[in-house]
Amino acid sequence: MPPMQIVVCLKQVLDPDGVNAYALWGRLRVDERGTGFVADSAIPQIVNAYDEQAVEAALRLRDAGVDCRITALTVGPDAAAALLRRAIAMGADAGIHVADAAGPGTDGFRTAALIAAAVREIGDVGLVLCGRQGSDYDQGVVPAVLAERLAWPFVSMAAGAQPEGGGAGALRVVRATPLGEETVRVSLPAVVSVSNEIGTPRYPSSRRMMEARRIPPVVRPARELLGGEGPRAVELAQLFIPDVQGHCEVIQGETPEEKAAALLRRLRETRALGG
Amino acid sequence: MAEPVLVLLPEPGSPLASGSLEALGAGRALAAAAGAPLVCAVLGGAADAAAEAGERGADRVLVARLGDRPSGDALVAAGAAALAASGARVAMVARGAHVLELTHRLAARLDGGSVTGAVEVRAAAAGDDVEVVASVFGGAARAVYRFPAGGPRVIGLAPGAGEAPARDATRTAEVSQLAVEAPADARVTVVAPAAAASGPRLEDARVVVSGGRGLKEGANYALVRELAELLGGMAGASRAIVDDKWATPAEQVGLTGKIVSPDLYIAAGISGASQHMVGCSSARTLVAINTDAQAPIFQYAQFGIVDDCTAVLPELIRLVREGSSRS
């Protein structure tokens, strides 16, 4: 039996902790176009952390004895290709770079259409793994739309996955839900989105980092894959910074007791607390 | 926008959970602004949810009987049937365990567009359409989204997207059953379900007292539980101390735990990582107690105490107890 083809989707994001830090300092500004931040150049671009966890999920399937070939795939500008090298250094076998100039806040429906086309082109793919959501726009749109475009079953919020039985015709997936962990069985091929509960992804060795340089990604232009411009379903019209910060009233007092008493008084005065 | 506004309530809870109530409130506000009727679709869950939806502002209620723990496939099929039966072009999905998957899959299946994390749904400035304000970058920014395509607009709501409408027992809605074509085969089957919740829900508590690593040791979580009980509320926890087993997974507040929107949220020894704030930032009043004056939690708080929470919590407990024994 040929090895199972696993595709892991990765996205390059503006470091959300960097964006948050600028916001907390009150220095986050929206640029003239209205759809990016002025501080963009000072905030690093990183691999979406949830997508690194999707790579980890694929590698754990291999560790569990699944005979597989793991392809890391990204959609984006030239700079995005660097994250494929990292995925290969972690243990993926190959990379595909879908070259697309579309910038930040890209329509996830377009991204999903591109990934679906690339997956069909690879052929015989048994599993697509994605991070649960981009840690930038927090939409979680790509894995769900991808499953619909491929007409494959979808399991979200995976905290772990194991092959079901001998042949890898199905997976047993543990999901993180608000009620606790749930275990499901999903038939393959399928799309599975991975949550942070899976734990810290492995760190590539320096030897693997060197080797990864010798495995250049296959580049596929977006227009060729889509045979045109592709769908437009959602448009980012405007970014803005909410006015929620800096209104904290610091309760004064010499001792914990004084502060506790002052807090209760203010909570009653503002009717945040009854009585 | 003469066509009705649709609100989708997947497993809405009985009585309706706070996420379902907010969705009805958001739906009613948009429908009122457009002079359109509000249709509510109850997808699975308890039988009495339909009547409560009517008492809380729905003009028409569609009920899809899906049994316990409906699959994602069943919910998408039911959502598509509700859009077809209602004639709506805008559908809002109540927040909860199903919101991400249902919102995006439904839009994809019907060749529409979707946005999740919506804090506001409003009429677009130009034309006969809606636009959505969504919380992005872990709450550091907001994005305004529009829908250039022709299909349905499916919008997943974030905490605080709507005000829970009051219950009016004299109000009734026309209730009808929704015919849902069952998916041909079960592609995803539950092997071991999550423990079913019983008793009061953290999501519905009016007061939540939460603890984090600033409690210093597991035994101090008892202070959080005690203050919560004295205030008639429930105890919550950061993911860090759930991982440390100081608190149970059912008490976790945040991105992968419960999303709460109480009247009062007291965060004791919690730094305010964005993953935690997603779960509590829509609280009406947020109090932070933390030794680090630079902790992000103070950016979200209305009231802050810069001090050791293990020293402040016992004082709060004592004062609340004294106050209640006097009255």
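The rules behind these values
Residues numbered from 1 in each chain as written. Chains lettered and ligands numbered in written order. Predicted model: local features only at pLDDT ≥ 70, side-chain atom pairs only at ≥ 80, totals over all residues. Heavy atoms only, no water. Helix = DSSP H or I, 4+ residues; strand = E, 2+ residues; numbered from the N terminus. Buried < 20%, exposed > 50% of the residue type's maximum accessible area, 1.4 Å probe, protein only. Contact = heavy atoms within 4.5 Å. Lys, Arg positive; Asp, Glu negative; His and termini not counted. Charge placed at Lys NZ, Arg CZ, Asp CG, Glu CD. Domains from an automatic or database assignment. Buried area = accessible area lost by both parts, 1.4 Å probe. Salt bridge = Lys/Arg side-chain N within 4 Å of Asp/Glu carboxyl O. Nonpolar A, V, L, I, M, F, W, Y, C, P; charged D, E, K, R; others polar. Pairing = 2+ DSSP bridges. Polar contact = N/O pair within 3.5 Å; in protein donor to acceptor, adjacent residues only side chain to side chain. Axes fitted to C-alpha atoms, helices over the stretch in contact; angles between N-to-C directions. Core = buried A, V, L, I, M, F, W, Y, C linked by side-chain atoms within 4.5 Å. Disulfide = S-S within 2.5 Å. Parallel < 35°, antiparallel > 145°, perpendicular 65-115°, else oblique. Left-handed = near helix turned anticlockwise from the far one by under 90°.

J.: Help me out: how do you make sense of the overall build of chain A in this one?
T.: Helix and strand counts for chain A come out as eight helices and 13 strands. Over its C-alpha atoms, taken along the principal directions, chain A stretches across nearly 70 × 45 × 40 Å. Per-residue burial for chain A yields a buried fraction of 55% across its 275 residues. Contacts spanning at least 24 positions in sequence make up 71% of the contacts within chain A whose residues lie at least 6 apart. Across chain A, the centroid of the 29 positively charged side chains sits 2 Å from that of the 33 negatively charged ones.

J.: Help me understand the domain arrangement of chain A in this model?
T.: Accessible area lost when the parts come together is the quantity often used to give the size of an interface. Split into domains, chain A comes out as domain 1 (4–226) and domain 2 (246–275). Centre-to-centre, using C-alpha coordinates, domain 1 of chain A lies 46 Å away from domain 2 of chain A.

J.: Looking at this structure, how should I read the interface of chain A and chain B?
T.: Listed per partner, the contact involves 76 residues of chain A and 69 residues of chain B. Taking both sides of the interface into account, the surface hidden between chain A and chain B amounts to around 6,400 Å²; carbon and sulfur atoms contribute 61%. Contact with chain B buries surface across chain A, with Gln139(A), Glu148(A) and Pro178(A) losing the most and accounting together for 10% of the total. Connecting chain A to chain B are five salt bridges. Here Arg105(B) ties to Glu148(A) by a salt bridge, and the two come within 2.8 Å at their closest N and O atoms. For the side of chain A that touches chain B, the secondary structure elements donating two or more residues are helix H1 (16–24), helix H5 (141–150), strand S7 (154–163), strand S8 (170–177), strand S9 (180–187), strand S12 (235–240), strand S13 (249–250) and helix H8 (256–269) of chain A. In terms of residues, the side of chain A that touches chain B owes the most to one element, H8(A), which gives nine residues. In terms of residue class, the side of chain A that touches chain B is made up of 43 nonpolar, 17 polar and 16 charged. Taken together, the four bridges between S9(A) and strand S10 (residues 188–192) of chain B define a ladder with antiparallel strand orientation. Pairing of Arg185(A) across the sheet is with Thr189(B), part of S10(B).

J.: I would appreciate a short explanation of the environment of Thr170(B) in the present structure.
T.: Residue and element names in this part refer to chain B. If you trace the backbone, Thr170 turns up in the loop between strand S8 (153–157) and strand S9 (174–177). Sequence separation of Thr170 and Gly54 is 116 residues, and the distance between their C-alpha atoms is 9.6 Å. For Thr170, the side chain forms a polar contact with the side chain of Asp168, separated by 2.6 Å.

J.: Hey, could you run me through the sheet that holds strand S1 (residues 5–10) of chain B in this one?
T.: Within a sheet, each strand pairs with its neighbour through backbone hydrogen bonds, oriented either parallel or antiparallel. Read from one edge of the open sheet, 10 strands run S12(A)-S7(B)-S6(B)-S5(B)-S8(B)-S4(B)-S1(B)-S2(B)-S3(B)-S9(B), paired in mixed fashion. The sheet is open, and its two edges are formed by S12 of chain A together with S9 of chain B, each paired on a single side. Pairwise comparison of adjacent strand axes, ignoring direction, gives a mean angle of 35° for this sheet. Summarising the sheet, strand S2 (residues 38–43) of chain B and strand S3 (residues 60–64) of chain B pair through five bridges and their orientation is parallel. Among the inter-strand pairings, Leu43(B) is bridged to a residue of S3(B), identified as Ala64(B).

J.: Explain the nonpolar core to me, please; I cannot follow it from the model alone.
T.: Inside soluble globular proteins, nonpolar side chains tend to come together where they are buried. Grouped together as the largest cluster of nonpolar side chains are 105 residues, with contacts concentrated most on Val128(A) and Ile155(B). Looking at which element gives the most residues to this core, the answer is helix H4 (residues 108–122) of chain A, with eight residues.

J.: What exactly am I supposed to notice about the pairing of S8(B) here?
T.: Within a regular beta strand, the side chains point alternately toward one face of the sheet and then the other, so they alternate between its two faces. Residues and elements named next belong to chain B. Among the five residues that make up S8, five are buried, leaving the element largely enclosed by the rest of the structure. Burial along S8 is two-sided: the face carrying Arg153, Ile155 and Leu157 and the face carrying Val154 and Gly156 are both buried. In the sheet, strand S4 (residues 90–93) pairs with S8 via four bridges, with the strands oriented parallel. Within S8, the residue paired with Val90 across the bridge is Arg153. Judged from the four bridges that link them, strand S5 (residues 113–123) and S8 form a sheet pairing that is parallel.

J.: For this particular structure, what's the right way to read the state of the cysteines?
T.: Two cysteines whose sulfur atoms are joined by a covalent bond form what is called a disulfide. One pass over the structure, following the stated rule, counts zero disulfides over all chains. The thiol of Cys68(A) is not disulfide-bonded; the next cysteine sulfur, from Cys9(A), is found 15 Å away.

J.: Looking at this model, I keep getting lost on the sheet that holds strand S1 (residues 4–10) of chain A. Mind explaining?
T.: Here 10 strands make up an open sheet; going across it, the order is S11(A)-S5(A)-S4(A)-S1(A)-S6(A)-S10(A)-S7(A)-S8(A)-S9(A)-S10(B) and the pairing mixed. Single-partner strands in this sheet number two, and they are strand S11 (218–221) of chain A together with S10 of chain B. The mean inter-strand angle of the sheet, taken between neighbouring strand axes irrespective of direction, is 35°.

J.: Explain the pattern of salt bridges here, please?
T.: Pairing of side chains with opposite charge becomes possible as their charged atoms draw close. For the structure shown, the criterion picks out 46 salt bridges over all chains. Across the salt bridge formed by Glu52(B) and Arg56(B), the nearest N and O atoms sit 2.8 Å from each other. Take Glu52(B) and Arg56(B): they sit in the same class, and that class is buried. With its nearest N and O atoms 2.8 Å apart, the salt bridge here joins Glu101(B) to Arg105(B). One end of the pair, Glu101(B), and the other, Arg105(B), are both in helix H4 (residues 99–109), four residues apart, so they sit about a helical turn from each other. One continuous salt-bridge network, built from bridges that share partners, spans Glu148(A), Asp73(B), Glu101(B), Arg105(B), Arg109(B) and Arg187(B).

J.: I keep staring at the packing of H4(A) against H5(A) and nothing clicks. Help me out?
T.: Between two packed helices, both the angle of their axes relative to each other and the distance between the axes serve to describe the pair. All names here are of chain A. The contact between H4 and H5 brings their axes to 8 Å, and the two run at 50°. Comparing the axis directions of H4 and H5 gives the class oblique. Helix-helix and strand crossings are classified by hand; for H4 and H5 the assignment is right-handed. Contacts between H4 and H5 involve Gly108, Phe109, Thr111, Ala112, Ile115, Ala116, Val119 and Arg120 from the former and Val141, Val142, Val145, Leu146, Arg149 and Leu150 from the latter. Residues belonging to the contact of H4 with H5 are distributed by class as follows: 10 nonpolar, two polar and two charged.

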